[in-house]
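Architecture and fold: a report
Each chain, written out:
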Amino acid sequence: MLTAVPREQLAEIFDQVVREITRQAVGVSLCPNGGVPEGELYTVYIAFDEHFGTSLSFCAERALFIRLAQCMIMEEDISPQDMEAVAKEYLNILCGHIAAQMFPAGKTPVRFSVPAFYPGRYVPRGHKEHIVLTYTGDQMEKAQLIHCIPDRGACGADAGYQTEGVN
Amino acid sequence: MKKRLMVVDDSRVMELQICKLLENSKYEVVAYCENGEEAIARYEEVQPDIVTMDIIMPGIDGLEAAQVLLEEHPEARIVMVSSLICEETIQDAEAIGTKAFLYKPVQREGLLKALDKALL
């Protein structure tokens, strides 16, 4: 029930977790307030609390996903399958840590879905962007962490859409 | 002789990562299972020294799988691995009889420490 937590507090938790865990897991530093990701983009996506329909996506340039994979599985050659698998595991870890922090903050345990991976910048249809945090990696790769909530004004279909950057 | 590990995780990334982290150690990964059901089915055949078990997996979760494994094989040494750091979950894992709890992202030092603890 992530929307029960004030937006600023939620953004602070997301930012702290994404930077700390990325540094711990793969040794990559993400600096906040970078430019918008461009070029060949991918998004890894997890839905929180199905009933409430909030979600978290990590959208980044391909170069960052490749580097995450290289660091995480300690291999130089990364297949598209490796890139996808690492991206999913990475977001899973982020969400685990976010959920752990949300438990005391929201007084409610947070559960989340199996991650999905999409080309482009994915936002689930019928949702609006609630929090968008933008980062630049230490090799100038751009990324965004996007928290979405249901858009009550939109007619909702479950399928999402890609907005840009499909190769 | 190296100690034999069975890795149970719905993400193959964890197996690849654990294999790399255990290079030049006294441990080796001998089996990978992508869910709890597979771990329960293969334990007898693999006879690992230690099982590393993810918690959130499709199908039965890691805690349930660990409980079944320990009912069927009380000698099993299980290390729970999760990114969901929650006191209640850690207590549940201890109550079941698992040997250690390891947080993701997994790092070499923490992994070796948890595996050594499981062997005590």
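In this text the structure is predicted, and so the values were computed from the model without any measurement.

**Re the packing of helix 2 (residues 36-46) of chain B against helix 3 (residues 62-72) of chain B**
All names here are of chain B. Viewed as axis vectors pointing N to C, helix 2 and helix 3 meet at an angle of 15°, and their least axial separation amounts to 9 Å. Put simply, helix 2 runs roughly parallel to helix 3. When the axes of helix 2 and helix 3 are compared, the crossing they make is right-handed. Here helix 2 contributes Gly-36, Ala-39, Ile-40 and Tyr-43 to the contact with helix 3, which in turn contributes Gly-62, Glu-64, Ala-65, Val-68 and Leu-69. Here the contact of helix 2 with helix 3 is composed, by residue class, of 6 nonpolar, 2 polar and 1 charged.

**Some words on the pairing of strand 2 (residues 41-48) of chain A**
Residues and elements named next belong to chain A. Among the 8 residues of strand 2, 8 are classified as buried, and the element is accordingly described as predominantly covered. Residue alternation in strand 2 divides its side chains into two sets, Leu-41, Thr-43, Tyr-45 and Ala-47 and Tyr-42, Val-44, Ile-46 and Phe-48, and both sets are buried. As paired strands, strand 2 and strand 3 (residues 54-61) are joined by 8 bridges and run antiparallel to one another. When the bridges of strand 3 are listed, Tyr-42 appears paired with Ala-60. Judged from the 4 bridges that link them, strand 2 and strand 4 (residues 116-119) form a sheet pairing that is antiparallel. For Tyr-42, the partnering residue across the bridge sits in strand 4 and is Pro-119.

**Topic: unusual backbone geometry**
Backbone torsion omega between B:Lys104 and B:Pro105 reads 0°, so that peptide bond is classified as cis. Of note, B:Pro105 is situated in the loop between strand 5 (100-103) and helix 5 (108-119). Of note, the phi angle at A:Met74 is positive, near 55°, even though the residue is not glycine. With respect to the element layout, A:Met74 can be found in the loop between helix 2 (62-73) and helix 3 (80-106). With 14 C-beta atoms packed within 10 Å, A:Met74 lands in the partly exposed category. Positioned with a positive phi, A:Met140 is a non-glycine residue whose angle comes to about 70°. Residue position: A:Met140 is located in the loop between strand 6 (127-137) and strand 7 (142-150).

**Re the environment of A:Leu94**
Residue and element names in this part refer to chain A. One can find Leu-94 in helix 3. Residue classification places Leu-94 among the buried residues on the basis of 26 C-beta atoms within 10 Å. On a C-alpha basis, the gap between Leu-94 and Phe-14 in space is 8.5 Å, while along the polypeptide they are 80 residues apart. Residues contacting Leu-94, with those up to four places away along its chain left out, are Val-17, Val-18 and Ile-21.

Reading the values: the criteria
- Residues numbered from 1 in each chain as written.
- Chains lettered and ligands numbered in written order.
- Predicted model: local features only at pLDDT ≥ 70, side-chain atom pairs only at ≥ 80, totals over all residues.
- Axes fitted to C-alpha atoms, helices over the stretch in contact; angles between N-to-C directions.
- Helix = DSSP H or I, 4+ residues; strand = E, 2+ residues; numbered from the N terminus.
- Parallel < 35°, antiparallel > 145°, perpendicular 65-115°, else oblique.
- Left-handed = near helix turned anticlockwise from the far one by under 90°.
- Contact = placed C-beta atoms within 7 Å.
- Nonpolar A, V, L, I, M, F, W, Y, C, P; charged D, E, K, R; others polar.
- Buried ≥ 20, exposed ≤ 12 C-beta atoms within 10 Å, placed from the backbone.
- Pairing = 2+ DSSP bridges.

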